[in-house]
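Below, each chain spelled out in residue letters.
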Amino acid sequence: MSTQPKPEAHAQAQTPAEPSFRQSVDLMFNRAVALMDLPPGLEQKIRVCNATYTVRFGVRLRGKIETFTGYRSVHSEHMEPVKGGIRFADTVNQDEVEALAALMTYKCALVEAPFGGSKGGLCIDPRQYDEHELELITRRFAYELIKRDLINPSQNVPAPDMGTGEREMAWIADQYARMNTTDINSRACVTGKPLNAGGIAGRVEATGRGVQYALREFFRHPEDMAAAGLAGSLDGKRVIVQGLGNVGYHAATFLQNEDGAKIIGIIERDGALYDETGLDVDAVHEWILRHGGVSDYPDARCHEDSAAVMEAECDILIPAALEGVITMQNAPRIQARLIIEAANGPITAGADEILRDRGVVIIPDMYANAGGVTVSYFEWVKNLSHIRFGRMQRRQEEARHQLVVDQLERLSDSLGKTWSLDPQFKDRYLRGADELELVRSGLDDTMRTAYQSMRQVWHGRADVTDLRTAAYLVAIDRVASSYRAKGL
Ligand code: GLU
């Protein structure tokens with residue numbers, strides 16, 4: 001009888017454990033720094049999280065006191081303020097918040113937003129509370145952070161994340177203003193606020209818009225497309241989106257309506273829709289808002305087995321919800337050739353390796369979802385300058401363009417009207433840019449520039465074979481330069 005172990009038993013003994021989110025970020029960081037020549041000790045200084053504050057506070061709700069646990073983690077203060085969202089979810093824990101804070105450091109460095117990295121989280125299922133209760137809880141959490149300067153325009157500036165949005169940011173801004181009545185810059189203490197409370201046009205769509213701009217930039221480089229076995233343009237590309245929340249919805253609707261991509265799969269908590277001929281993203285989104293899920297959606301087949309749809313054939317897969325959805329288990333079966341990480345940490349370090357070996361191109365989270373913090377940066381600048389973008393220039397720009405149009409029309413008259421300006425061109429040329437257009441232009445420029453810095457490393461170094469490592473190299477190098485400039 002053979003003494004060899006059974007193949008399955010052998011395989012099991014060999015299977016390395018799935019790394020956690022925090023371990024994944026560290027492993028990916030380590031992979032990149034191994035290729036760098038940092039001064040001794042600096043690598044460790046950059047990797048570790050500087051501090052995490054844990055708070056437990058009570059709020060009187062429905063006749064009794066309920067205790068909540070929240071975190072604000074500061075990963076790196078090489079630039080201040082530090083920046084990063086606040087997440088409301090019942091899965092929030094210290095490890096997760098620290099991993100997300102680290103990603104914020106690298107993300108800000110990569111897109112040249114002048115911030116260090118931070119992240120916050122409150123362990124709560126927001127769906128269990130009504131609006132008034134959520135306001136009490138949010139304000140109390142904010143109070144705890146504000147009094148320790150963990151929310152402050154010059155030190156730590158939160159923003160929305162999973163489970164939070166404009167409404168929560170408005171409560172936080174108001175709470176800060178109440179506690180700092182003479183701070184003229186109080187509105188800059190948090191970003192992602194509604195427009196009427198100091199927000200900026202285009203912040204809600206920003207992360208999804210950034211995903212679209214990232215893909216457009218990717219598709220401008222035939223060499224990069226070829227690495228993913230793709231060619232042509234976004235037009236007609238088959239896309240599967242996992243998670244139709246704020247980020248997934250905006251990315252999908254822009255790709256469908258503005259770039260001609262075909263959204264063939266939408267994966268949600270309660271099931272997954274699949275239609276090879278393309279789903280109507282806006283109709284599905286409407287349906288989810290009204291019914292809370294996709295299971296009864298009438299115009300496409302709903303599969304209970306969401307995993308199967310994630311593994312279906314497509315050109316581009318967009319995980320846009322939670323971390324750790326692509327693991328060592330399902331990575332071998334993923335058929336997409338290009339994955340763009342709209343969520344933070346959707347691919348574990350183990351899955352990342354499997355996918356890389358299989359030649360799948362991954363546009364990494366720290367770049368792909370940086371549109372949110374980029375527009376947050378614009379909002380923070382707007383709040384500090386106390387003026388809407390474009391307010392000074394818009395009409396002056398229009399007047400100068402009018403001069404050119406008038407001159408051309410006079411010329412046309414003098415030539416006996418043998419030609420005229422296309423009315424559509426005239427309209428577009430004459431209109432000065434408003435805040436939304438300026439924000440989109442700034443975001444587009446940021447996404448293009450950051451992509452180019454990554455791809456330069458990707459194609460320029462023989463020891464770098466993927467975009468994630470390239471992104472880490474660019475980001476860590478910038479953080480290291482800041483530390484060096486500070487004399488550390
Ligand atoms: N929560 C978002 C992120 O993970 C936005 C952070 C911000 O705008 O500061 O990037």
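Just above sits the structure.
Definitions and cut-offs
- Residues numbered from 1 in each chain as written.
- Predicted model: local features only at pLDDT ≥ 70, side-chain atom pairs only at ≥ 80, totals over all residues.
- Heavy atoms only, no water.
- Patch = residues over 30% accessible without salt bridge, like charges linked within 9 Å, V, L, I, M, F, W, Y side chains within 5 Å.
- Areas by Shrake-Rupley, 256 points an atom, 1.4 Å probe, with all protein chains shown as cover.
- Salt bridge = Lys/Arg side-chain N within 4 Å of Asp/Glu carboxyl O.
- Helix = DSSP H or I, 4+ residues; strand = E, 2+ residues; numbered from the N terminus.
- Buried < 20%, exposed > 50% of the residue type's maximum accessible area, 1.4 Å probe, protein only.
- Contact = heavy atoms within 4.5 Å.
- Disulfide = S-S within 2.5 Å.
- Phe/Tyr/Trp six-rings, centres within 6.5 Å; stacked < 30°, edge-to-face > 60°.
- Lys NZ or Arg CZ within 6 Å of the ring centre and 35° of its normal.

Chemist: Just checking my understanding: could you explain a nonpolar patch on the surface for this structure?
Modeler: A cluster of nonpolar side chains, contributed by Leu-411, Leu-415 and Trp-419, occupies part of the molecular surface with about 280 Å² of accessible area. With respect to the secondary-structure elements, Leu-415 resides in the loop between α15 (394-414) and α16 (423-430).

Chemist: Mind showing me how you'd approach the environment of Val-375 here?
Modeler: On the secondary structure map, Val-375 appears in helix α14 (residues 371-385). A relative accessible area of 0% places Val-375 in the buried class. In the structure, Val-375 is positioned 16 residues away from Gly-359 in sequence and 32 Å away in space, judged by C-alpha atoms. With residues near it in sequence (within four places) discarded, Val-375 still touches Ile-200, Gly-202, Arg-203, Ala-206, Val-439 and Leu-443.

Chemist: Looking at this model, I keep getting lost on the environment of Asp-235. Mind explaining?
Modeler: Relative to the helices and strands, Asp-235 resides in the loop between α8 (222-227) and β7 (238-242). Judged by its relative accessible area of 53%, Asp-235 is exposed. Residues Asp-235 and Gly-260 lie 25 residues apart in sequence; the distance between their C-alpha atoms is 4.4 Å. In contact with Asp-235, not counting residues within four places along its chain, are Asp-259 and Gly-260.

Chemist: Mind showing me how you'd approach the state of the cysteines here?
Modeler: Joining two cysteines, a disulfide is a covalent bond between their sulfur atoms. Scanning the model with the defined rule gives zero disulfides in all. Just so you know, Cys-302 is unpaired, no disulfide at all, and the nearest cysteine sulfur is the one on Cys-314, 18 Å from it.

Chemist: What am I meant to see in the packing of aromatic side chains here?
Modeler: Both the distance between ring centres and the angle between the ring planes are used here to describe each pair of aromatic rings. Under the definition given, this model contains 13 aromatic pairs. Ring geometry for Tyr-106 versus Tyr-472: centroids 5.3 Å apart, planes at 55°, classification tilted. One end of the pair, Tyr-106, is in helix α4 (residues 94-110); the other, Tyr-472, is in helix α18 (residues 467-485), and 366 residues separate them in sequence. The exposure classification of Tyr-106 matches that of Tyr-472, with both residues buried. Put simply, the rings of Phe-57, Phe-68, Tyr-129 and Phe-141 pair up and form one aromatic cluster. If you follow Arg-209 out to its NZ or CZ, it ends over the ring of Phe-254, 3.5 Å from the centre.

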